[in-house]
Amino acid sequence: MSLQATTPSYRPWLTGMSEAIPLLGGYVPVAISFGLIATQAGFSTWEAVLISTLIYAGASQFLFVGMVAAGAPLWLVVAMTLLINLRHVVYAPNLAPWLTPSRLWPWLMHGLTDQIFAVAHARLPQLPASQRLGWFTGAALLAWLSWIGGTALGAVAGGELIARWALMGEILPFALPALFLVLIAPRFTSRRWSLALGLTILSALLLTILGLTNLAIPLAAACGALCFQAVKFDHSHKRARARRPS
């Protein structure tokens, strides 16, 4: 009886962790790259690990390290970091319908990365409400710890790894974008998602070409989200036509 009572408490955690394991193929290489770049910019190993622990924001971390190393004022560093992370404002409303009542959710949002959002958006609706908190905790925790561990590895031994395998230095930066493309690729089977994602990609490319690199991510994400909410294809005519006798 005690086994039955305790099983539900940890099983969603394990399920979340197991389903987040494929994310490590993108997280760890990029985290290694960040650890190496941070130490090359003058940060100590502990400072690099602390940045990954507290900021934990991928592109924002690279920007943070570069701007601090260049001597940019602190207010500008903070403003640019927040600007890049504005895309999380788009994530929240899309996950909100699936969140169960709990005081832990605001703390867990520290682990809401692009990839965790993509997996959670597809997975949470499929889970019973009682398992969603545990699943998200397990998935987010594994991803966070792998990012911290990869940063530590890159800070300690990244230079040696690149020296031994020079090609790794060219490959590492592309691991995370490649992983994200794999996660969103199945969405292109839907016309609504295809339109929203297509508009997001075109907006980001246009803004980048115009030189608005830092604004490209949040503005493109906002355009895609607005498109997704505004456009709804009417399938009633198809269903009526299908019911019509030949």
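Along each chain, residue indices are assigned from 1 in the same order as the chain's sequence is written. The predicted nature of this model means local features are confined to residues of pLDDT at least 70 and side-chain atom pairs, given and counted, to a pLDDT of 80 or more, with totals for whole chains, interfaces and linings taken over all residues. Side-chain descriptors were evaluated using all non-hydrogen atoms of the structure, hydrogens and water having been removed beforehand.

Asker: Teacher, can you tell me more about the nonpolar core here?
Answerer: Grouped burial of nonpolar side chains is what soluble globular proteins tend to show. Within the largest apolar cluster, 24 residues are counted, with the highest numbers of intra-cluster contacts made by Tyr27, Leu95, Leu112, Ile116, Trp135 and Phe136. By definition, any uninterrupted DSSP run of H or I lasting at least four residues is a helix, any uninterrupted run of E lasting at least two residues is a strand, and each is numbered from the N terminus. For this core, the elements supplying multiple residues, two or more each, are α2 (24–40), α6 (88–95), α7 (105–108), α8 (114–123) and α9 (129–164). The element best represented in this core is α9, accounting for 7 residues. What makes a nonpolar core is a set of buried Ala, Val, Leu, Ile, Met, Phe, Trp, Tyr and Cys residues whose side-chain atoms join them at distances within 4.5 Å. Each residue gets one of three labels from its accessible area relative to the maximum for its type: buried under 20%, exposed over 50%, partly exposed in between, using a 1.4 Å probe on protein chains only. Grouped together as the second largest cluster of nonpolar side chains are 13 residues, Phe43, Leu63, Phe64 and Val77 included.

Asker: Even after reading the chapter, I still don't get the packing of aromatic side chains, so can you show me in this structure?
Answerer: The description of an aromatic ring pair uses the distance of the two centres, along with the angle that the planes make with each other. Under the pairing criterion, centres of Phe, Tyr and Trp rings, with the six-membered ring standing for Trp, must be within 6.5 Å; the plane angle then separates stacked pairs below 30 degrees from edge-to-face pairs above 60, leaving the rest tilted. Summed over the entire model, instances satisfying the criterion amount to 5 aromatic pairs. Seen in terms of ring centroids, Tyr27 and Trp147 are 6.0 Å apart; in terms of plane orientation they differ by 85°. Their pairing is edge-to-face. Here the residue Tyr27 occupies a position in helix α2, and Trp147 occupies one in helix α9, the gap between them amounting to 120 residues. Overall, Tyr27 belongs to the buried group, its relative accessible area being 2%. Residue class for Trp147 comes out buried when judged on its relative accessible area of 2%. Three or more aromatic residues joined by ring pairs make a cluster, and in this case those are Tyr27, Tyr56 and Trp147.

Asker: Where do I start with unusual backbone geometry in this structure?
Answerer: The phi torsion of most residues other than glycine is negative, and most of the peptide bonds are trans. In the Ramachandran plot, Tyr56 falls in the positive-phi region, its phi being about 45° despite a non-glycine side chain. Inspection of the secondary structure puts Tyr56 in the loop between α3 (45–54) and α4 (59–69). Residue Tyr56 is classed as buried on the basis of its relative accessible area of 5%.

Asker: Can you walk me through the packing of α4 against helix α5 (residues 74–84) in this structure?
Answerer: Think of two packed helices as two axes; the pair is described by the angle between the axes and how far apart they sit. To get an axis, a line is fitted to the C-alpha atoms, and for a helix only the part in contact is used. The angle between two axes follows their N-to-C directions and goes from 0 to 180 degrees. As a packed pair, α4 and α5 sit with axes 9 Å apart at the nearest point and diverge in direction by 165°. Put simply, α4 runs roughly antiparallel to α5. Between α4 and α5 lies a crossing whose hand is right-handed. Between α4, through Ser60, Leu63, Phe64, Met67 and Val68, and α5, the contact on the second element is made entirely by Leu76, Val77, Met80, Thr81 and Ile84. Any angle that is under 35 degrees is reported as roughly parallel, and any over 145 degrees as roughly antiparallel; angles of 65 to 115 degrees are reported as roughly perpendicular and all others as oblique. It is the rotation of the near helix from the far one that decides the hand of a crossing: anticlockwise by less than a right angle makes it left-handed, clockwise makes it right-handed. In this analysis, two residues are considered to be in contact whenever any of their non-hydrogen atoms come within 4.5 Å of each other.

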